[in-house]
Amino acid sequence: MNLEHWKTISSHYIYQSPFGNLRKDTCELPNGQIIHDYYVNEYSDWVNAVVVTKKKEIVLVKQYRHGTQSSFLEVPAGKPENNETLAEAIVREVKEETGFVSNLPPILLGEFYVNPATQNNRVYSFLITEAELVAEQELDDTEIIDVHTFDMKTMSRLIKTNEINHLFTVNAFNLSKEFLMT
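Residues numbered from 1 in each chain as written. Predicted model: local features only at pLDDT ≥ 70, side-chain atom pairs only at ≥ 80, totals over all residues. Heavy atoms only, no water.

(A) The packing of helix 2 (residues 152–160) against helix 3 (residues 167–180), seen in detail. Taken N-terminus to C-terminus, the directions of helix 2 and helix 3 make an angle of 145 degrees; their axes are 11 Å apart at the nearest point. Two packed elements cross with a definite hand, and for helix 2 against helix 3 that hand is left-handed. Of helix 3, the residues touching helix 2 (which contributes M152, M155, S156 and I159) are T169, V170, F173, K177 and L180. Of the residues that constitute the contact of helix 2 with helix 3, the class distribution is six nonpolar, two polar and one charged. (Axes fitted to C-alpha atoms, helices over the stretch in contact; angles between N-to-C directions. Helix = DSSP H or I, 4+ residues; strand = E, 2+ residues; numbered from the N terminus. Left-handed = near helix turned anticlockwise from the far one by under 90°. Contact = heavy atoms within 4.5 Å. Nonpolar A, V, L, I, M, F, W, Y, C, P; charged D, E, K, R; others polar.)

(B) Focus on a nonpolar patch on the surface. A cluster of nonpolar residues, I14, Y15 and Y39, forms a patch on the protein surface that exposes about 290 Å² of accessible area. Mapped onto the elements of the fold, I14 is located in strand 1 (residues 7–17). (Patch = residues over 30% accessible without salt bridge, like charges linked within 9 Å, V, L, I, M, F, W, Y side chains within 5 Å. Areas by Shrake-Rupley, 256 points an atom, 1.4 Å probe, with all protein chains shown as cover. Salt bridge = Lys/Arg side-chain N within 4 Å of Asp/Glu carboxyl O.)

(C) Representation of helix 3 within the structure. Helix length check: helix 3 (14 residues) gives 20 Å between terminal C-alpha atoms against 20 Å at 1.5 Å per residue, within 8%. Inspection of helix 3 places F168, T169, V170, A172, F173 and S176 among the buried residues, and these make up the whole buried set. Of the surrounding elements, those touching the buried residues of helix 3 are strand 4 (46–53), strand 5 (57–65), strand 6 (70–74), strand 9 (107–113), strand 10 (122–133) and helix 2. (Expected span 1.5 Å × (residues − 1). Buried < 20%, exposed > 50% of the residue type's maximum accessible area, 1.4 Å probe, protein only.)

(D) Helix 1 (residues 86–98), seen in detail. Taking 1.5 Å of rise per residue, 13 residues should cover 18 Å, and helix 1 covers 18 Å from first to last C-alpha, within 8% of that figure. Residues of helix 1 that are buried: A89, I90, R92, E93, V94, E96, E97 and T98. Looking at the buried residues of helix 1, the elements they touch are strand 4, strand 5, strand 7 (77–78), strand 8 (100–101), strand 10 and strand 11 (146–151). In the stretch just after helix 1, G99 is the one whose phi turns positive, near 85 degrees.

(E) The pattern of salt bridges, seen in detail. Taken as a whole and judged by the stated rule, the model has 13 salt bridges. Here E96 ties to R92 by a salt bridge, and the two come within 3.2 Å at their closest N and O atoms. One end of the pair is E96 and the other is R92, both in helix 1 and four residues apart, which spans about a single turn. Within this structure, E81, E84, R92, E93 and E96 form a network of salt bridges that share partners.

(F) Expanded view of the nonpolar core. Counting 17 residues, the largest nonpolar core has V50, I58, L60, M155, I159, I164 and F173 as the members making the most contacts within it. Counting only elements with at least two residues in this core, the list comes to strand 4, strand 5, helix 2 and helix 3. Discounting chain neighbours no more than four positions away, the residues touching I164 are L60, L73, M155, L158, I159, T169 and V170. Among the nonpolar cores identified, the runner-up in size contains 12 residues, and V47, A49, V51 and V94 belong to it. (Core = buried A, V, L, I, M, F, W, Y, C linked by side-chain atoms within 4.5 Å.)

(G) Focus on the packing of aromatic side chains. A complete count under the given rule lists three aromatic pairs for this structure. A centroid spacing of 5.3 Å and a plane angle of 85 degrees characterise the contact between W6 and Y38, whose relative ring orientation is edge-to-face. A residue pair is termed long-range when its members are at least 10 positions apart, and W6 in the segment before strand 1 and Y38 in strand 3 (residues 34–42) qualify at 32 residues. Taking relative accessible area as the criterion, Y38 reaches 22% and is therefore assigned partly exposed. Here the aromatic rings of Y43 and W46 are separated by 6.5 Å at their centres, their planes lie at 45 degrees, and the arrangement is tilted. Residue class for Y43 comes out partly exposed when judged on its relative accessible area of 30%. Residue classification places W46 among the partly exposed positions, given a relative accessible area of 27%. (Phe/Tyr/Trp six-rings, centres within 6.5 Å; stacked < 30°, edge-to-face > 60°.)

Here it is as structure tokens:
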């Protein structure tokens, strides 16, 4: 079944910033109904990675997330800068946030829309294996990040007990199992 697209009658920005934009659209649905206040969050695409050390431990970062006013254990993540490829971006982000690097190229696990109802961006999940701690963190002024490592069994338990409840972390970890269990 091929669904008809909505028609955008008008569109304007409520605000724009380096972190993202909020756009207000007026849309006409295929049945003629008009939605006057449809808000779309525009963000850059993101990258994240399950990082596995040579000792077969998963590297996670713990950081505060103001949207929920909570701290989360999650996979390292960020967004491409300048003209970086997605793979270059995740390698840089992992090194900056954790100090871990690998001589092996990252493996793309998948590409997913974050929330297609109200956001325009995607997250690209990678797997980085054979990582070693070789550097100090190089954090941005707004980042306070603790680095943690867990074995696979503990990682699975933390997800099952909801101690890890960050959707993108759980998704990336589940996608990586196919590669890690072989």
